[in-house]
Amino acid sequence: MLAAARIAVLATVLALSWQPAMAKRVAGASNLVTEDSYVNHDGVRVHKPIHAKSKPANATARCRDGSYSFSTHHRGTCSGHRGVAEWYR
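Remember, predicted model here, so these are calculated numbers, not experimental data.

S.K.: Is there a simple way to explain the sheet that holds strand β7 (residues 84-87) in this structure?
M.R.: Strands belonging to one sheet form pairs held by backbone hydrogen bonds; the direction of such a pair is parallel or antiparallel. The sheet built from three strands is open, its strands ordered β6-β5-β7 with antiparallel pairing. Two strands bound the open sheet, and with one partner strand each, they are β6 (68-69) and β7. Note that strand β5 (residues 61-63) and β6 share two bridges and pair antiparallel. Bridge assignment links Ala 61 to a residue of β6, and that residue is Ser 69.

Below you can see the structure in the form of structure tokens.
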């Protein structure tokens with residue numbers, strides 16, 4: 001019986017670990033939802049490119065796939081998003 005309970009708990013933990021990250025709202029932007037961020041080579045935390053209905057505040061580029069980037073450097077911006085379509089700064 002105890003083994004069955006342990007298996008059930010383990011199955012639940014494994015199932016939850018495969019779920020995608022919960023999207024979180026970004027303060028001050030009602031249309032901006034992001035799943036994650038990264039730390040750039042300067043050690044600064046930056047939002048990963050995201051899709052939004054309109055240009056979000058602080059976006060530095062629009063990627064060719066329609067997402068917006070918040071990158072602080074040109075190198076690597078929109079990589080994995082088919083490159084940069086338009087720079088804002």
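S.K.: Explanation requested: the environment of Ser 79 in the structure shown.
M.R.: Here Ser 79 lies in the loop between β6 and β7. For Ser 79, a relative accessible area of 53% puts it in the exposed group. For the pair formed by Ser 79 and Pro 49, sequence separation is 30 residues and the distance between their alpha carbons is 9.6 Å. A polar atom in the side chain of Ser 79 sits 3.0 Å from the backbone oxygen of Gly 76.

S.K.: Any chance you could explain the side chain of Ser 37 here in plain terms?
M.R.: Relative to the helices and strands, Ser 37 is located in strand β3 (residues 37-39). On the accessibility criterion, Ser 37 (15% relative accessible area) is buried. In this structure the side chain of Ser 37 is engaged in a polar contact, spanning 3.0 Å, whose partner is the side chain of Arg 45. The residues touching Ser 37, leaving out its near neighbours within four places in the chain, are Arg 45, Val 46, His 47 and Lys 48.

S.K.: Please explain the nonpolar core as it appears in this structure.
M.R.: For soluble globular proteins, the rule of thumb is that nonpolar side chains tend to be buried together. Counting residues in hydrophobic clusters, the biggest one holds six residues: Val 46, Ile 50, Ala 52, Ala 59, Tyr 68 and Phe 70. With residues up to four places along the chain from it excluded, the contact list for Tyr 68 reads Lys 48, Pro 49, Ile 50, Ala 52, Ser 54, Lys 55, Pro 56, Ala 59, Ala 61, Arg 62 and Tyr 88.

S.K.: What should I look at first to understand the pattern of salt bridges in this one?
M.R.: A side chain of one charge can pair with a side chain of the opposite charge when the charged atoms of the two come close. If you walk through the whole model with that rule in mind, you get one salt bridge. Arg 62 is the partner of Glu 86 in a salt bridge, and the nearest nitrogen-oxygen pair spans 3.4 Å. Placement of the pair is Glu 86 in strand β7 and Arg 62 in strand β5, with a sequence separation of 24 residues. According to the relative accessible area criterion, Glu 86 is partly exposed, its value standing at 34%. When its relative accessible area of 28% is taken as the criterion, Arg 62 is described as partly exposed.

How each quantity is defined
Residues numbered from 1 in each chain as written. Predicted model: local features only at pLDDT ≥ 70, side-chain atom pairs only at ≥ 80, totals over all residues. Heavy atoms only, no water. Pairing = 2+ DSSP bridges. Helix = DSSP H or I, 4+ residues; strand = E, 2+ residues; numbered from the N terminus. Buried < 20%, exposed > 50% of the residue type's maximum accessible area, 1.4 Å probe, protein only. Polar contact = N/O pair within 3.5 Å; in protein donor to acceptor, adjacent residues only side chain to side chain. Contact = heavy atoms within 4.5 Å. Core = buried A, V, L, I, M, F, W, Y, C linked by side-chain atoms within 4.5 Å. Salt bridge = Lys/Arg side-chain N within 4 Å of Asp/Glu carboxyl O.

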